Protein chains: 2
Amino acid sequence: MTQRNASENQVKIMDVAAEEFMRAGFDATSIDDIARNIGQTKGFIYYHFRSKVEIFLAVYERGMEMVRDDVAPWAGGTGTGLERLRRMAKAHLVHLMENLAYHDVIHQGIEQRLRLRMTESQRATLIGLNALRDEYEALFRGVIREGMADGSVRELPAAVAARTLLGGLNAVDIWYRNDSGQATKPVDDLASVVADVLVGGFQDKG
Amino acid sequence: MTQRNASENQVKIMDVAAEEFMRAGFDATSIDDIARNIGQTKGFIYYHFRSKVEIFLAVYERGMEMVRDDVAPWAGGTGTGLERLRRMAKAHLVHLMENLAYHDVIHQGIEQRLRLRMTESQRATLIGLNALRDEYEALFRGVIREGMADGSVRELPAAVAARTLLGGLNAVDIWYRNDSGQATKPVDDLASVVADVLVGGFQDKG
DNA sequence: GTCTATACTTAGATAGAC
DNA sequence: GTCTATCTAAGTATAGAC
């Protein structure tokens, strides 16, 4: 399913499924759990999706497309590579904090463990999603390289650096939800602090 | 089980279980899978552990104790707070790369999803492990604060900064294993690059 | 389109043989 | 101490009613 085609009911199922996958993990979430949380039954779910894995993949795709659409514009625009990198990092963090469940599913998807239990066609879908993910990572690699070219970013291996940055950004989904004390801190302030720590290491101090 | 008391067979089970948990995740790993990989049967496992959750918790504990024992010495010693923080980050990374499976289980444990399906006594064990984890995090917070005091680390909220750093360090376990091209790069070099990116953002540039 | 009833599979855990 | 046989529960998926 491309997200453009998703019906209203499918989106409802994805939203609830994302929350449940975050709460208990993919395996421990039953189709009945998802149905119950919508106030429907199994049959409703199976009418809209072929299997639990399909729901997971749809959530993963939807999440990736949403964050990419939010962050991609910041790769362009004015300023040095470093400045744009910081804007991208912050936009990613704000999106993550406001769509925790989707990001948690992306995180689970990246871990690739489900891959082992997929059918051939589901695996093909996952490969497509991995491409989407690579494309997103490439957005960061590109801006890092532009920063090295304009002298704002110090010399470093762009691929490793991009993964380190994205890993640090995504890891926020682990503790952000677990710490209600932190959650009261305004999203924007918290995103700034984390973005500064993570992007600061890219700066050329020469 | 405290790790001091672990028998040879228990360690063998933990080592194999950690690999399987990494490969397929906790839920999708059966006791039979673990037994088969040791060349034994279910009965062998259940003689040494009461349940699958107990194995998971034991692996989590063992992993946390191992990394703490490796990293803690670097919190002390000579140099500024920033220099010591970098040594800790690098030691953490090297340990992670050389004990991927244990770190992957720690990562799963931190996500707290299993908590929902635990007995009271297992939950109590998990709370103890969370304390161990907090203690480890405090090691980083402490050195960050020392760095702010000696002027090597810029002013920032230590708690958020420590979590951001540790999140970035731990996220390496996601891609390190998935990229055989990177894995050929010497562990030490890769650890240096990642540590520099992550700790660089702490530096006081004033 | 949605619900109910059910078939089927998998795997955690235990009892008892050896 | 380890193995084999078995009980049991849970949950995916489907068929067919409405």
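Refer to the structure above for everything that follows.
The following paragraphs examine the structure supplied in this document. (Residues numbered from 1 in each chain as written. Chains lettered and ligands numbered in written order. Predicted model: local features only at pLDDT ≥ 70, side-chain atom pairs only at ≥ 80, totals over all residues. Heavy atoms only, no water.)

1. Some thoughts on the interface of chain A and chain B
Here's step 1: Listed by partner, the interface residues are 43 residues for chain A and 43 residues for chain B.
Here's step 2: The three residues of chain A that bury the most area against chain B are R113(A), R163(A) and V197(A), which together make up 19% of that side's buried surface.
Here's step 3: Inspection of the region where chain A meets chain B yields two salt bridges.
Here's step 4: Linking D104(B) and R113(A) is a salt bridge whose minimum nitrogen-to-oxygen distance equals 2.9 Å.
Here's step 5: Inspection of the region where chain A meets chain B yields six residue pairs in polar contact (both at pLDDT 80 or more).
Here's step 6: Listed by contribution, the elements that provide at least two residues to the side of chain A that touches chain B are α1 (8-24), α6 (100-110), α8 (158-170), α9 (172-176) and α11 (187-200) of chain A.
Here's step 7: With seven residues, α11(A) is the single largest residue contributor to the side of chain A that touches chain B.
Here's step 8: Residue classes in the side of chain A that touches chain B are distributed as 18 nonpolar, 12 polar and 13 charged. (Contact = heavy atoms within 4.5 Å. Buried area = accessible area lost by both parts, 1.4 Å probe. Salt bridge = Lys/Arg side-chain N within 4 Å of Asp/Glu carboxyl O. Polar contact = N/O pair within 3.5 Å; in protein donor to acceptor, adjacent residues only side chain to side chain. Helix = DSSP H or I, 4+ residues; strand = E, 2+ residues; numbered from the N terminus. Nonpolar A, V, L, I, M, F, W, Y, C, P; charged D, E, K, R; others polar.)

2. A short note on the protein's contact with DNA strand C
Here's step 1: What surrounds DNA strand C is a group of 14 residues, the closest being T41(A), I31(B), K42(B), Y46(B) and K52(B).
Here's step 2: Across the atoms of DNA strand C situated within 4 Å of the protein, the share located in sugar and phosphate is 68%.
Here's step 3: Residue T29(B) places a main-chain N or O atom 3.4 Å away from a phosphate oxygen belonging to DNA strand C.
Here's step 4: The side chain of K52(B) places a nitrogen or oxygen atom 2.9 Å from a phosphate oxygen of DNA strand C.
Here's step 5: Secondary-structure elements contributing two or more residues to the surface near DNA strand C are α3 (42-48) of chain A together with α3 (42-48) of chain B.
Here's step 6: It is α3(A) that provides the largest number of residues to the surface near DNA strand C, a total of four residues. (Near = heavy atom within 4 Å.)

3. Some thoughts on helix α8 (residues 158-170) of chain B
Here's step 1: Taking 1.5 Å per residue, 13 residues should reach 18 Å; α8(B) reaches 18 Å between its end C-alpha atoms and fits that length.
Here's step 2: The buried fraction of α8(B) is high, at 12 of 13 residues. (Expected span 1.5 Å × (residues − 1). Buried < 20%, exposed > 50% of the residue type's maximum accessible area, 1.4 Å probe, protein only.)

4. Looking at the relation of the copies chain A and chain B
Here's step 1: Laying chain A over chain B is done by rotating through 180 degrees and shifting 0.0 Å along the axis; what remains is an RMSD of 0.0 Å. When the rotation and shift are considered jointly, the pair of chain copies conforms to a two-fold rotation axis.
Here's step 2: Counting the interface residues of chain A, we find that 100% of their copies in chain B are interface residues as well, pointing to one common contact surface. (Least-squares fit on C-alpha atoms with pLDDT ≥ 70 in both.)

5. Re the side chain of E61(A)
Here's step 1: Secondary-structure assignment places E61(A) in helix α4 (residues 52-71).
Here's step 2: Setting aside residues up to four positions removed in sequence, E61(A) forms contacts with M1(A), T2(A), Q3(A), L129(A) and L132(A).

6. Looking at empty space enclosed by the protein
Here's step 1: By the definition in use, this model includes four cavities of 30 Å³ or more.
Here's step 2: In this structure, the largest cavity encloses a volume near 320 Å³.
Here's step 3: Looking at the largest cavity, it is lined by 21 residues, and the ones nearest its centre are D27(A), Q108(A), R113(A), D27(B) and R113(B).
Here's step 4: Its residues assigned to classes, the lining of the largest cavity comprises eight nonpolar, five polar and eight charged.
Here's step 5: Approximately 70 Å³ is the volume attributed to the second largest cavity.
Here's step 6: Along the walls of the second largest cavity sit M64(B), V67(B), H92(B), L96(B), H103(B), I106(B), H107(B), I110(B), R133(B), Y136(B), N170(B) and D173(B), which together make up its complete lining.
Here's step 7: When residues of the lining of the second largest cavity are traced back to their parent elements, those giving at least two are α4 (52-71), α5 (81-98), α6 (100-110) and α7 (120-150) of chain B.
Here's step 8: Looking at the lining of the second largest cavity element by element, the count peaks at four residues for α6(B). (1 Å grid on protein atoms, 1.4 Å probe; cavity = no way out; pocket = protein on both sides within 12 Å on 5 of 7 lines; lining within 4 Å. Points joined across faces, edges and corners; volume = space filled by probe spheres on them.)

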